[in-house]
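One-letter residues, chain by chain:
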Amino acid sequence: MIKNCALCGPSETEVNDSMGHVVCLNCGNVLEENTIVSEMTFTESGKGATVADGFQLQQGQARAKSRVGGQGRLSQSQDSRTNTLNNGNRKIQELANAPQIRIPERLVAQAQRLFKLAVESNFTKGRKATSVTASCLYIVCRMNKTAHMLIDFSDALNENVYELGSTFLALLPLVVGNDENIPIVEPALFISRFAARLDFGNKTQDVIRDAVRVVQRMERDWMATGRRPSGICAAGLFVAARMNGFKRSLKEIMLVVKICEGTLRMRLKELQETPSGQLTVGKFQEIWLETAHDPPSFTHNKKRKHEHQEPVPQEEVDEVRNILTTQASTFPASYHQTHEEQELDAGLSDLDDDREIKVILSVSENERAFKEQVWIQTNSEWIAKQEEKILRGDVPQKKEKKPRKQQDPLNAQTASEAARVLLQSKPALSKKINYQALDTLLESTPTN
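Here's what I pulled together on the structure shown here. (Residues numbered from 1 in each chain as written. Predicted model: local features only at pLDDT ≥ 70, side-chain atom pairs only at ≥ 80, totals over all residues. Heavy atoms only, no water.)

1. Examining the overall build of the protein chain
Item 1. Check the secondary structure of the protein chain and you find 20 helices and six strands.
Item 2. Residues counted as buried form 27% of the 448 residues belonging to the protein chain.
Item 3. Within the protein chain, residue pairs in contact and separated by at least 24 positions form 53% of the contacts whose partners lie at least 6 positions apart.
Item 4. About 31,900 Å² of surface is accessible on the protein chain, with carbon and sulfur atoms providing 52% of the total. (Helix = DSSP H or I, 4+ residues; strand = E, 2+ residues; numbered from the N terminus. Buried < 20%, exposed > 50% of the residue type's maximum accessible area, 1.4 Å probe, protein only. Contact = heavy atoms within 4.5 Å. Areas by Shrake-Rupley, 256 points an atom, 1.4 Å probe, with all protein chains shown as cover.)

Right under this line is the structure:
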C-alpha cells in the first residue's frame, strides 16, 4: 500500500493488523498506530472452532469479559459493579413488594435507575446496600407524592430510621441536585391511608374530610411548618374521629401513625390554643377563619417571659404610692423648681445651676431613710445570698499587693558619674556594648 510519508514522501507501507500500526518501508517511520477498525476478524482455535476476535463492552461495564477454555467461549463471570447492580435491582424489587410498601412497577424502574446512578458515582462504597436501595425508593416516592414515610422502609428492613435518614440525606444532592427540587411532604397525603387502618366503617370518607380540614387549619396556624407529618396527621385523625362520634384512644392512634404520646398531646394542646380550637363542631365545619394564629414557638416564648415576671401585689403598689405622696411635702423647694428658673440664678460655678446636683445636696433625712428602705427591699435576695456566703466562708479574699522595693537614689554630680554608677549596679545590660570603650569614654568626658 502506498501512502504519503512525512519524511520521504510517497512510499510503500506495511500494515500490522494485530497492532494497528502502519509503517513506512523506506525510512521506518510509523505513520499510524493503535488504529481501531470496525472489521470483524475470526480466528481458528486448536480444535477447529472459529471464534470472533475482540471483546464486547457494554455501557456502564467496567471491564471486558475474559475468555476461558471450552472452545474459546466467553465466560459467564461478571465484574463487581455488575454484581452490585443486579443485587441492588433485586433488593429494590423485593422491598417494593413488601406488604407495608406496595410500590408500582413504574416507580420501581425509576428507583433502579437512581441506584445505577449511585453505583456509577461510587456512592455504595462503605454503605449498606439495603440502606441505599431504600433511599432510592423513598426519593422516588417523594418525587411522585405517594403516601409512604421513611419509617415504613425502616420497618420493612428492620433498620434504624436515623441511619436510613442519614443515607437518604447524603444521596439526595447526588440524584436530585438540591433540596429545593424535592417536594415537601404534605400531611394530607397520609390521612386516607391511616383512616383505612382505624376502621371507621361507612363514615370513613366523612372522617377523612374532617381530618383534612383540621390539617389545613393547622397549616394555616403555622403548626405544620417544621413538624413531622405523622404528628399533624395523628392530631387531625383524633379530632375528626371525635367529631364523627368515634372514641378512638390515643394508644390506637399512636400504633397506627407510629408516634409517641407526648407528640400527639403537644399537637392537640397547640390546636386547642388557637381560635379554631375554641369553635364547636358545627361552626368548625362551616366557618373558616381568615386570620392566622401566631406560631407555637412564638406563643411559648411569650408565656415563658410572663412566667418569669412575677406580678407585684396591688397592696404593695398602693403602699409605695402613699409613702411617696407623704414624703413629697418634705422635699425642699429647689426640687420643685424648674430648670428655666434655676438658669436665672447666678452661681460660683457651672454646677450651681444643675438641678440634679441641687436635688442630691438637698436630700432630707427622711428621704434618705426612705430610699435606703426601698433599696433594701428591692435587693433583699442578693443581700441574703451575701450573708449566707459570709457565714459559709465563701467570700473570696483579696490578694494583698506586695510592696515595691524602693531603689536607692543615684548620688552623682554629673551625667558621666550617673552612667558609671548605673553600669556598676547593672553590669549586664547588653552583650552588644563594649564596656571597656565605654569606661574610657566616661573617663575622657569633661566634668563640667
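Picking up where we left off.
2. Thoughts on the pattern of salt bridges
Item 1. Under the definition given, this model contains eleven salt bridges.
Item 2. The partner of Arg-90 in a salt bridge is Glu-94, with the nearest N and O atoms 3.4 Å apart. Taken together, the residues Arg-90 and Glu-94, both in helix α1 (residues 80–96) and four residues apart, mark about one turn of the helix.
Item 3. Its relative accessible area of 42% is what places Arg-90 among the partly exposed residues.
Item 4. Judged by its relative accessible area of 47%, Glu-94 falls in the partly exposed class. (Salt bridge = Lys/Arg side-chain N within 4 Å of Asp/Glu carboxyl O.)

3. Describing the sheet that holds strand β1 (residues 2–5)
Item 1. Pairing within the open sheet is antiparallel, and its four strands lie in the order β1-β2-β3-β4. At either end of the open sheet lies a strand with only one pairing partner, and these are β1 and β4 (30–32). Ignoring which end each strand starts from, the neighbouring axes of this sheet average 45 degrees apart.
Item 2. As judged from the four bridges shared by β1 and strand β2 (residues 9–16), these two strands associate in the antiparallel manner. (Pairing = 2+ DSSP bridges. Axes fitted to C-alpha atoms, helices over the stretch in contact; angles between N-to-C directions.)

4. Things to note about the packing of helix α8 (residues 229–243) against helix α9 (residues 250–257)
Item 1. Where α8 meets α9, the closest approach of the two axes is 10 Å, and the angle between their N-to-C directions is 140 degrees. With respect to α9, the element α8 is oriented oblique. Both α8 and α9 take part in a crossing whose hand is right-handed. For the pair α8 and α9, the contacting residues are Ser-230, Ala-234 and Phe-238 in the first and Leu-250, Ile-253 and Val-257 in the second. (Parallel < 35°, antiparallel > 145°, perpendicular 65-115°, else oblique. Left-handed = near helix turned anticlockwise from the far one by under 90°.)

5. Re the pairing of strand β3 (residues 21–24)
On a regular strand, each side chain points to the face opposite its neighbour's, so the side chains alternate between the two faces of the sheet.
Item 1. Where burial is concerned, the two faces of β3 differ: the one with Val-22 and Cys-24 is buried and the one with His-21 and Val-23 is not.
Item 2. Note: β3 against β4, two bridges, orientation antiparallel. Opposite Val-23, over in β4, you have Val-30 as the bridge partner.
Item 3. Between β3 and β4, which follow one another and run antiparallel, lie five residues, and Gly-28 among them has a positive phi close to 80 degrees.

6. Some words on the nonpolar core
Item 1. Grouped together as the largest cluster of nonpolar side chains are 35 residues, with contacts concentrated most on Ile-191, Phe-194, Phe-200, Met-218, Leu-237, Ile-253 and Leu-264.
Item 2. Counting only elements with at least two residues in this core, the list comes to α6 (191–197), α7 (204–220), α8, α9 and α10 (261–272).
Item 3. Element by element, the count of residues in this core is highest for α8, at nine residues.
Item 4. Sequence-distant contacts of Met-218, defined by excluding residues within four places in its chain, comprise Met-223, Ala-224, Ile-232, Ala-235, Arg-267 and Leu-271.
Item 5. In terms of nonpolar packing, the next biggest core, distinct from the first, is built from 32 residues, Ala-98, Val-119, Cys-136 and Phe-153 among them. (Core = buried A, V, L, I, M, F, W, Y, C linked by side-chain atoms within 4.5 Å.)

7. A short note on α9
Item 1. Inspection of α9 places Leu-250, Ile-253, Met-254, Val-256 and Val-257 among the buried residues, and these make up the whole buried set.
Item 2. Along its buried surface, α9 packs onto α6, α8 and α10.
Item 3. Lys-258 occupies a position one or two residues after α9 and carries a positive phi of about 65 degrees.

8. Structural notes on the packing of helix α2 (residues 105–120) against helix α3 (residues 129–144)
Item 1. Running from N to C, α2 and α3 point in directions that differ by 125 degrees, and their axes come no closer than 9 Å. It follows from the interaxial angle that α2 and α3 lie oblique. Regarding α2 and α3, the two cross each other, and that crossing is right-handed. Counted together, Arg-106, Leu-107, Gln-110, Ala-111, Leu-114, Phe-115 and Ala-118 of α2 and Val-132, Thr-133, Cys-136, Leu-137, Ile-139, Val-140 and Asn-144 of α3 form the full contact between these two elements.
Item 2. A class-by-class count of the residues in the contact of α2 with α3 yields ten nonpolar, three polar and one charged. (Nonpolar A, V, L, I, M, F, W, Y, C, P; charged D, E, K, R; others polar.)

It is worth stressing that arrangement in space is one thing and function is another; only the former is reported here.
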